[in-house]
2 protein chains.
Amino acid sequence: MTRRRLIQMVGTGTGTAAAYATMQAMGFMATPAAYAGTPDLPIGSGQGRAVTVLGAGIAGMVAAYELAKAGYEVTVLEATDLAGGRNRTYRGGDTIVEDDSRQLVDFDRDPSLYFNAGPARLPYHHQGILGYCREFGVALQPIVNENRGAFFQDDAAFDGGRVLNRQVVNDSRGIIAEMLSKAVGTGVLDQELSGLDKERFLDFVSSFGALDDGTYTGTSRGGYVDAPGSGLRPPGATLPVLDLGELLASDFWGYKMHFGEGFTQAATMMEPVGGMDMIAQAFAERVGPMITYNAEVSEIRREGDGARVTYRTPDGSARTLTSDHIVVTIPFSVLRDIDNDFSAPIRSSIEACGYVAACKAAFQAERRFWEEDDKIYGGISWSANDITQIWYPTAGFGQQKGVVVGAYIWSNSIGERFGDMPLADRLELVLEQGSKIHPAYRDAVTGGSSIAWHKVPFAKGGWASWDDDARAAAYPAVVAGDGPFHFAGEHMSYLTGWQEGSVLSAHDCVNAIAEHTRLADL
Amino acid sequence: MTRRRLIQMVGTGTGTAAAYATMQAMGFMATPAAYAGTPDLPIGSGQGRAVTVLGAGIAGMVAAYELAKAGYEVTVLEATDLAGGRNRTYRGGDTIVEDDSRQLVDFDRDPSLYFNAGPARLPYHHQGILGYCREFGVALQPIVNENRGAFFQDDAAFDGGRVLNRQVVNDSRGIIAEMLSKAVGTGVLDQELSGLDKERFLDFVSSFGALDDGTYTGTSRGGYVDAPGSGLRPPGATLPVLDLGELLASDFWGYKMHFGEGFTQAATMMEPVGGMDMIAQAFAERVGPMITYNAEVSEIRREGDGARVTYRTPDGSARTLTSDHIVVTIPFSVLRDIDNDFSAPIRSSIEACGYVAACKAAFQAERRFWEEDDKIYGGISWSANDITQIWYPTAGFGQQKGVVVGAYIWSNSIGERFGDMPLADRLELVLEQGSKIHPAYRDAVTGGSSIAWHKVPFAKGGWASWDDDARAAAYPAVVAGDGPFHFAGEHMSYLTGWQEGSVLSAHDCVNAIAEHTRLADL
């Protein structure tokens, strides 16, 4: 097998694990090191040693928190005036800053009226970040990620109309089960089923697809024309089965209808009560005194066994800090433009890492038309148009007003196009495309805000995206670090775009620094 | 088609809607009346007329609320000292009363430590009950109903070990898709697929099952042996595919693994923040002054065009109330033992209605082992043993203590057996069977409480269960009512066991009373 074929396999997501294993065996990748877990450093073990952390995002604050607990002298330099990095929740009165614009967020002030512009959900198995929520008492609630009452919409199928999620999902199951049931009946699968109870297998398939005597004629799972009620209102007809040709013509099934089964998307998904930045605030409460805000790093240099960082303050003056270790959590999209004397392989890694032009737009609606008109409580409707997703708020069910995310884009081509539009044109596009799913959209919505992460200073992208060549050739060097320089952040993981990647990579840095200290103290 | 065959069709759930339609056409059932919606009666239209409502459950309080708004003089007689009926949430210090026992609930007092003994979830399309939540400002949160991180367990399969929900669900999809893909390849389904793009259909099937070149070898949807991490920890091997023979031997697929796709179970499911009885309390705040508590109805008689109700007070004395209308929401399991002069068809209806011996048991755990050890946040694990389900709390994620529902039983044979056991033996059974899913169970759990609804005074059952003969022959009479007597409650609906049935049937009664008033006033 060629290296290229291997990388292709990884890229298409087929046989990924096998491909990685082969790549390791062929020497294209370093062998994985076991994750050492949340650091549990001896109290006082870091005394007398200084660490500078660049960036007060989640990775930087995790590193600062764990190192400070062990007695290291920690300084965090943060370019903005806020802790959290891309963990950012906007509320009424906040300002969204892009390279060429400033937007005042026009929501009312209310605990349920917020917009998680960056990460917005926590999978149940992301135990690093969830562990801090538990430790810090950050209240969590389930987030509705998959909603059978929401919609799919594609201009190319079903006359461009919206189609109910539960119909798409359950009719697909039914059609697949009916076809398989018929095939089993012909005997063509007898070899596959040898040694198994064929009748029981047919029962299994029938139950899976809600078949009626081997055929699929619709199911209550998909919904009713006439739902059962009180009095003399028995269950009426179920919704007619969707046309398979239309279903195949749609983009619903490429990944969207299976989205909620994904490793990082399946229930239980959670969010902090009140907004994702409750996590950032909980960290900031603990590491805040170590943070210097509005400190824009301009130069990173070795000095002796340690390093020196130069940063600018708001008054334009430059200051320097020297320390034994530097934990660099600045996104590589930003770091590559900061003067440094990293080793050549590190500089190559930093250059090689791509970033996603992720965008979101959010509106306050004066009434929750999605709840009142369409019985949608949280979750996502999927559009084949640029807006890609409509996210409904999990917070504040039944209240009058709500904030809906009218677009969530993570395709670079769409995101760059969207980001290039004047702010008003972005909102008009979101209204126009969203109206195909919700006719009430335009009437109920006021103002709105959008964010194009590749245009946000000190972020310059939504999250890292290593292509397979870069992952194989460039990434291992920066994982290994470079003398006093240790790198953390979501980009330093295979969990790019997730806060868990920031947490685990920060743990790696902390453990590496602690090990360096231990060896130096021997 | 014979009447019996029709009823069988309804009973097996196949072709239910068609069977009902045929039954109507054949005169076996009354034609459905359209639901008239939430009553919107003219203010003052009920003045000068008295209505007695029997029972301060959800149906009774809905009727009282709507009638009182229109000016009717409403009295609600409630046999217990609490409003809500089977909408009951237990907290530390509460007492669970059964015919032959009293249990003091031993949970700590904390907003997250409660146990919804009756209804525990609200489907998104139950707009009657949700409408009152919206109107009354009852805060709602999503409830985790389907959790891919929870377990199935059946002594008869997989050596009795627990099996991860996401493996069961996604391996089933993968196995079914692979079989179908192979069958399509043989051409045996060409006729079924005529007129369709066969390659695109294969892509659809492949995407559905996460196939790799037509075969299923496991998927990240089911989970990893080595999950991706930070640093040099790429996605490792996915979990091995479950053995199809073991899967077929298990009881996972009869309905349990499709449970979350059900019409009344699919996302979004909700619960009131703080417990289901927040709804009962919100009603009681509004209709409380009309309720006479501890009033046990002993006799219901016609008197003129109206009716007379006799009830006993705690001091043993009997009192009577006469009124123009009576809204009877007492469960038929209880009503059949109250002296009355209902018409013969009504009495037959009341006799014909069955009740479910539903049971639950709940414990306080001193630590949330399901979260800490098993990464389970809310949702349900399924057992093939008597306990049937373990429900994990959606409230209070990440807190130290939690209340887990260790058994939820709705099979009559199991429920009766469970209800007959001494209280301590019930809890021992729940611990023993639950330990097969959670080895930490016994260590973390203290005390506990259980409820067998068929032994609860003034309930005598979890919810109504009309068999098909009773639904066809007996139910229509009681829907029609009987002079001054109008019947409401979950049993007066095709939504038995759901509060929505109580709400909608109460609306029916209110609308019928209003129509009677309108005609009398002409």
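Residues numbered from 1 in each chain as written. Chains lettered and ligands numbered in written order. Predicted model: local features only at pLDDT ≥ 70, side-chain atom pairs only at ≥ 80, totals over all residues. Heavy atoms only, no water.

A.B. asks: Mind showing me how you'd approach the overall build of chain A here?
C.D. replies: Looking only at helices and strands, chain A features 17 helices and 25 strands. Taking the principal axes of the C-alpha coordinates as reference, chain A spans close to 80 × 60 × 40 Å. Expressed as a percentage of its 522 residues, the buried residues of chain A come to 61%. A separation threshold of at least 6 residues defines the contact pool for chain A, and within that pool the share at least 24 residues apart is 69%. Roughly 18,700 Å² of accessible area belongs to chain A as shown, and the carbon and sulfur atoms make up 49% of that amount. Averaging the locations of the 43 positively and 65 negatively charged side chains of chain A gives two centres separated by 1 Å. (Helix = DSSP H or I, 4+ residues; strand = E, 2+ residues; numbered from the N terminus. Buried < 20%, exposed > 50% of the residue type's maximum accessible area, 1.4 Å probe, protein only. Contact = heavy atoms within 4.5 Å. Areas by Shrake-Rupley, 256 points an atom, 1.4 Å probe, with all protein chains shown as cover. Lys, Arg positive; Asp, Glu negative; His and termini not counted. Charge placed at Lys NZ, Arg CZ, Asp CG, Glu CD.)

A.B. asks: Would you take a moment to explain the interface of chain A and chain B for this structure?
C.D. replies: Where the parts come together, the accessible area they lose is often given as the size of the interface. Taken together, the contact between chain A and chain B spans 102 residues of the former and 101 residues of the latter. Counting the surface lost from both chain A and chain B, the interface buries some 8,700 Å², and carbon and sulfur atoms represent 67% of this. Ranking the residues of chain A by area buried against chain B places Phe 204, Leu 232 and Glu 261 of chain A at the top, with a combined share of 9%. Connecting chain A to chain B are six salt bridges. Note that Lys 182 of chain B and Glu 192 of chain A form a salt bridge whose closest N and O atoms lie 3.3 Å from each other. Per-element accounting of the side of chain A that touches chain B gives the leading share, eleven residues, to helix H5 (residues 165-186) of chain A. Taken together, the residues that form the side of chain A that touches chain B break down as 52 nonpolar, 32 polar and 18 charged. (Buried area = accessible area lost by both parts, 1.4 Å probe. Salt bridge = Lys/Arg side-chain N within 4 Å of Asp/Glu carboxyl O. Nonpolar A, V, L, I, M, F, W, Y, C, P; charged D, E, K, R; others polar.)

A.B. asks: How should the relation of the copies chain A and chain B be read in this particular structure?
C.D. replies: In this structure, two copies of a chain are linked by a rotation about an axis accompanied by a shift along it. With an RMSD of 0.0 Å, the operation that places chain A on chain B is a rotation of 180 degrees combined with a shift of 0.0 Å along the axis. Here the copies are linked by what is in effect a two-fold axis. Closest approach to the rotation axis within chain A is made by the C-alpha atom of Leu 180 of chain A, at a distance of 2.6 Å. Most of the interface of chain A is mirrored in chain B, where 99% of its interface residues are also at the interface. (Least-squares fit on C-alpha atoms with pLDDT ≥ 70 in both.)

A.B. asks: Even after reading the chapter, I still don't get the sheet that holds strand S14 (residues 306-312) of chain A, so can you show me in this structure?
C.D. replies: The pairing of strands in a sheet comes from backbone hydrogen bonds and takes either a parallel or an antiparallel form. Residues and elements named next belong to chain A. Strand order in the open sheet made by the four strands is S15-S14-S13-S17, with mixed pairing throughout. What marks the edges here is a single partner per strand, and that holds for strand S15 (318-323) and strand S17 (339-340). As paired elements, strand S13 (residues 296-303) and S14 share seven bridges and run antiparallel to each other. If you follow Glu 299 over to S14, its bridge partner there is Thr 310. (Pairing = 2+ DSSP bridges.)

A.B. asks: Honestly, the pattern of salt bridges in this entry has me stumped. Any pointers?
C.D. replies: Residues and elements named next belong to chain A. Under the criterion given, the structure shown has 60 salt bridges over all chains. The partner of Glu 490 in a salt bridge is Arg 86, and the shortest N-O contact between them spans 3.0 Å. With Glu 490 in the loop between strand S25 (485-487) and helix H17 (499-520) and Arg 86 in the loop between strand S2 (73-77) and strand S3 (89-91), the pair connects residues that are 404 residues apart, well separated along the chain. Given the relative accessible area of 5%, Glu 490 is considered buried. Note on Arg 86: relative accessible area 17%, which makes it buried. Within the structure, one salt-bridge network assembled from shared partners comprises Glu 299, Arg 301, Glu 303, Arg 308 and Asp 339.

A.B. asks: Would you explain unusual backbone geometry in this entry?
C.D. replies: Peptide bonds are, in most cases, trans, and in most cases residues other than glycine have a negative phi. All names here are of chain A. Backbone torsion omega between Ala 267 and Thr 268 reads 10 degrees, so that peptide bond is classified as cis. Mapped onto the secondary structure, Thr 268 falls in the loop between helix H7 (244-249) and strand S11 (269-272). A positive phi is found at Asp 159, a non-glycine position, where the angle reads about 55 degrees. The topology assignment puts Asp 159 in the loop between strand S9 (151-153) and strand S10 (162-164).

A.B. asks: Just checking my understanding: could you explain the sheet that holds strand S7 (residues 122-123) of chain A for this structure?
C.D. replies: Residue and element names in this part refer to chain A. The three strands lie next to each other as S7-S11-S8, forming an open sheet whose pairing is antiparallel. The open sheet has two edge strands, S7 and strand S8 (140-142), and neither has a second partner. Note that S7 and S11 share two bridges and pair antiparallel. Note that in S11 the partner of Pro 123 across the bridge is Met 269.

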